[in-house]
Amino acid sequence: KYSVTADKNITEKIKISGIYNYISKRYDDAENTKDKKLQPYHKLDLNAAYKYDDKISANCRVENILNEDYQEAYGYTSPGLSVFCGLKVTL
C-alpha cells in the first residue's frame, strides 16, 4: 500500500485536503490461494472544510473520485464515487 496526503489552508476559514492510495494485489485468505486474490486499485479522495465562526462549520468529502471498481474483502465490492457533506452547529 502506498499513500500520499496533501493539506492546504486556502484561507483562514477554508481548508482542503486530498488522499491518494494505491493498494497492490493481495490475498484475502490465510493460505494465499489464487481463488481469493484481490486486484490492485487506485483511490483518490478529496475533502473541503469551511469554518464560518467558532460555532458554525461545514464540510464535504468526495470519495473514490476515479470511480474505481475494487474489493477490500473478497466478494464484497466497494462503492463507486460517493459524496458526503455536513453542517456542524454548536449551541
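Use the structure listed above.
This section reports on the structure supplied with the text. (Residues numbered from 1 in each chain as written. Predicted model: local features only at pLDDT ≥ 70, side-chain atom pairs only at ≥ 80, totals over all residues. Heavy atoms only, no water.)

Each helix and strand counted, the protein has zero helices and nine strands in total. When the elements of the protein are put in sequence order from the N terminus, they spell out β-β-β-β-β-β-β-β-β. In summary, the protein has a C-alpha radius of gyration of 17 Å against a globular reference of 12 Å for 91 residues, an excess of more than 25%. Considered along the principal axes of its C-alpha atoms, the protein spans approximately 55 × 25 × 20 Å. Looking at the protein as a whole, 14% of its 91 residues qualify as buried. Sequence-distant contacts in the protein: of pairs separated by 6 or more residues, those separated by 24 or more amount to 35%. (Helix = DSSP H or I, 4+ residues; strand = E, 2+ residues; numbered from the N terminus. Rg over C-alpha atoms; globule rule 2.2 N^0.38 Å. Buried < 20%, exposed > 50% of the residue type's maximum accessible area, 1.4 Å probe, protein only. Contact = heavy atoms within 4.5 Å.)

With that settled, the discussion passes to the sheet that holds strand S9 (residues 82-89). If you walk across this open sheet you meet the five strands as S1-S2-S5-S6-S9, and the pairing is antiparallel. Because the sheet does not close on itself, it has two edges, and the strands there are strand S1 (2-9) and S9. Here the strands of the sheet are splayed against their neighbours by 10 degrees on average, with no regard to which way each runs. Both strand S2 (residues 14-23) and strand S5 (residues 41-51) contribute to a ladder of ten bridges, which runs antiparallel. In the sheet register, Tyr22 faces S5, and the bridge partner there is His42. (Pairing = 2+ DSSP bridges. Axes fitted to C-alpha atoms, helices over the stretch in contact; angles between N-to-C directions.)

Following the sequence through the fold, Val4 ends up in strand S1. With relative accessibility at 52%, the residue Val4 sits in the exposed group. Separated by 38 residues in sequence, Val4 and His42 place their C-alpha atoms 11 Å apart. If sequence neighbours within four positions are ignored, Val4 has contacts with Gly18, Ile19 and Tyr20.

Topologically, Asn64 is positioned in the loop between strand S6 (56-63) and strand S7 (71-73). Separated by 2.9 Å, the side chain of Asn64 and the backbone nitrogen of Glu68 make a polar contact. Of note is the side chain of Asn64, whose polar atom sits 3.2 Å from the backbone oxygen of Pro79. Setting aside anything within four residues of it in sequence, one finds Asn64 in contact with Lys43, Leu44, Asp45, Tyr70, Pro79, Gly80 and Leu81. (Polar contact = N/O pair within 3.5 Å; in protein donor to acceptor, adjacent residues only side chain to side chain.)

Attention shifts here to the pattern of salt bridges. Any two side chains of opposite charge can pair, on the condition that their charged atoms come close. Inspection of every chain in the model, using the stated rule, returns three salt bridges. When the shortest N-O distance is used, the salt bridge between Lys51 and Asp54 registers 3.5 Å. For Glu63, the salt bridge goes to Arg61, with nearest N and O atoms at 2.7 Å. (Salt bridge = Lys/Arg side-chain N within 4 Å of Asp/Glu carboxyl O.)

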